[in-house]
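# Report on the structure
These are the residues of each chain, in order.
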Amino acid sequence: MKDDKDLFETQMKQTRDIVEVSPAKNLVESKAEHPDQHPVDVPTPGATTEAAEDSYPLSPLQQGILFYSLQAGELGVYIEQMILSLHEALNVTAFIQSWQELVARHPILRTAFQWTNLHQPLQLVYGQVEIPLEQQDWRDLSATEQEDRFQTYLRADCKRGFDLTQPPLMRLALFRLAEADYRCLWTFHHALL
């Protein structure tokens, strides 16, 4: 029992040490220091909230994801990749427009985060956001070459990460493999979904 308690205390001390030197230390400031202020009402000198149309406090899960993303200091943490196989002749223009309509309809897809100079981090919702889209035509490559390039692309894309203060925290890549065969990669930060 004593060993469990010692282990717990050691882990708590290490966590406190990390918070003290981490750029994420603003995420754990005590509410007791500002009990009369709601996070949205906190003055934000230097915060870039002007272009946002709305703001919300982060959920506890989002706070944890943001904290650990900042603490890790390495790219690729909490980056999600969804691969869509489209075995059809794709109308690329309509496909892109449908994604833009999806982003316009769902505020979380137009969200970025702000924590600098705040007592509690906020998610900022922006009015209009363009989804970054990269298109590649690999029809002239063999299936093996396509797969090798795709795996290389996946690793590089994950390491690119996101600037969590700039929307959107998602991007698309569309790979044409044959006349009626596409692969779409949807990459997003897990703090969104």
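Heads up: the structure comes first, above all this text.
Keep in mind the model is a prediction, meaning the values are calculated, not measured.

### Focus: the sheet that holds strand β6 (residues 170-178)
Ordered by their spatial adjacency, four strands build an open sheet running β2-β7-β6-β5, and the pairing between neighbours is mixed. Two strands bound the open sheet, and with one partner strand each, they are β2 (79-86) and β5 (133-137). Taken pair by pair, the neighbouring strands of this sheet meet at an average axis angle of 15 degrees, ignoring direction. Pairing geometry for β5 and β6, over five bridges, is parallel. The residue of β6 that forms the bridge with Gln135 is Leu174.

### Brief notes about helix α2 (residues 60-72)
With 13 residues, α2 should cover 18 Å at 1.5 Å per step; its first-to-last C-alpha distance of 18 Å lies within 8% of that length. If you check which residues of α2 are buried, you get Gln62, Ile65, Leu66, Phe67, Ser69 and Leu70. Backbone geometry just after α2 places Gly73 at a positive phi near 65 degrees.

### Comments concerning the pattern of salt bridges
For the coordinates displayed, the defined rule picks out seven salt bridges. For the salt bridge of Glu179 with Arg139, the shortest nitrogen-to-oxygen distance reads 2.7 Å. Taken together, the residues span a long stretch of sequence, with Glu179 in the loop between β6 and β7 (181-189) and Arg139 in the loop between β5 and α4 (143-160) at a distance of 40 residues. The exposed category is assigned to Glu179, whose relative accessible area is 54%. What makes Arg139 partly exposed here is its relative accessible area of 33%. Here Glu147 and Arg183 are joined by a salt bridge, their closest N and O atoms 3.2 Å apart.

### Quick word on the packing of aromatic side chains
Tallied over the entire structure, the rule returns seven aromatic pairs. Consider the rings of Trp138 and Phe175, whose centres lie 4.7 Å apart with planes at 40 degrees: the pair is tilted. With a gap of 37 residues between them, Trp138 in the loop between β5 and α4 and Phe175 in strand β6 connect regions that are remote in the sequence. With a relative accessible area of 4%, Trp138 lands in the buried category. Owing to a relative accessible area of 1%, Phe175 belongs among the buried residues under this scheme. An aromatic cluster of at least three residues, connected via ring pairs, comprises Phe95, Trp99, Trp186 and Phe188. Positioned over the ring face of Phe162 is Arg171, at 4.2 Å from the centre of the ring.

### Details of the pairing of β7
Of all nine residues that make up β7, eight are buried, and the element is covered over most of its length. Bridging between β2 and β7 involves eight bridges; their strand directions are antiparallel. Counted as the bridge partner of Ile83 is Leu185 from β7. Relative to β7, β6 is paired through eight bridges, and the arrangement is antiparallel. Residue pairing for β7: Met170 is matched across the bridge by Phe188. Here β6 folds back onto β7, and the loop between the two strands holds two residues.

### Here's the deal with the nonpolar core
Counting 22 residues, the largest nonpolar core has Leu90, Phe95, Trp99, Met170 and Leu174 as the members making the most contacts within it. Those elements giving two or more residues to this core turn out to be α3 (92-105), β4 (122-126), β6 and β7. Sequence-distant contacts of Leu90, that is, excluding residues within four places in its chain, are made with Phe95, Leu174 and Tyr182. With 13 residues, the next largest nonpolar core counts Leu70, Phe113, Cys158 and Phe162 among its residues.

Conventions and cut-offs
Residues numbered from 1 in each chain as written. Predicted model: local features only at pLDDT ≥ 70, side-chain atom pairs only at ≥ 80, totals over all residues. Heavy atoms only, no water. Pairing = 2+ DSSP bridges. Helix = DSSP H or I, 4+ residues; strand = E, 2+ residues; numbered from the N terminus. Axes fitted to C-alpha atoms, helices over the stretch in contact; angles between N-to-C directions. Expected span 1.5 Å × (residues − 1). Buried < 20%, exposed > 50% of the residue type's maximum accessible area, 1.4 Å probe, protein only. Salt bridge = Lys/Arg side-chain N within 4 Å of Asp/Glu carboxyl O. Phe/Tyr/Trp six-rings, centres within 6.5 Å; stacked < 30°, edge-to-face > 60°. Lys NZ or Arg CZ within 6 Å of the ring centre and 35° of its normal. Core = buried A, V, L, I, M, F, W, Y, C linked by side-chain atoms within 4.5 Å. Contact = heavy atoms within 4.5 Å.

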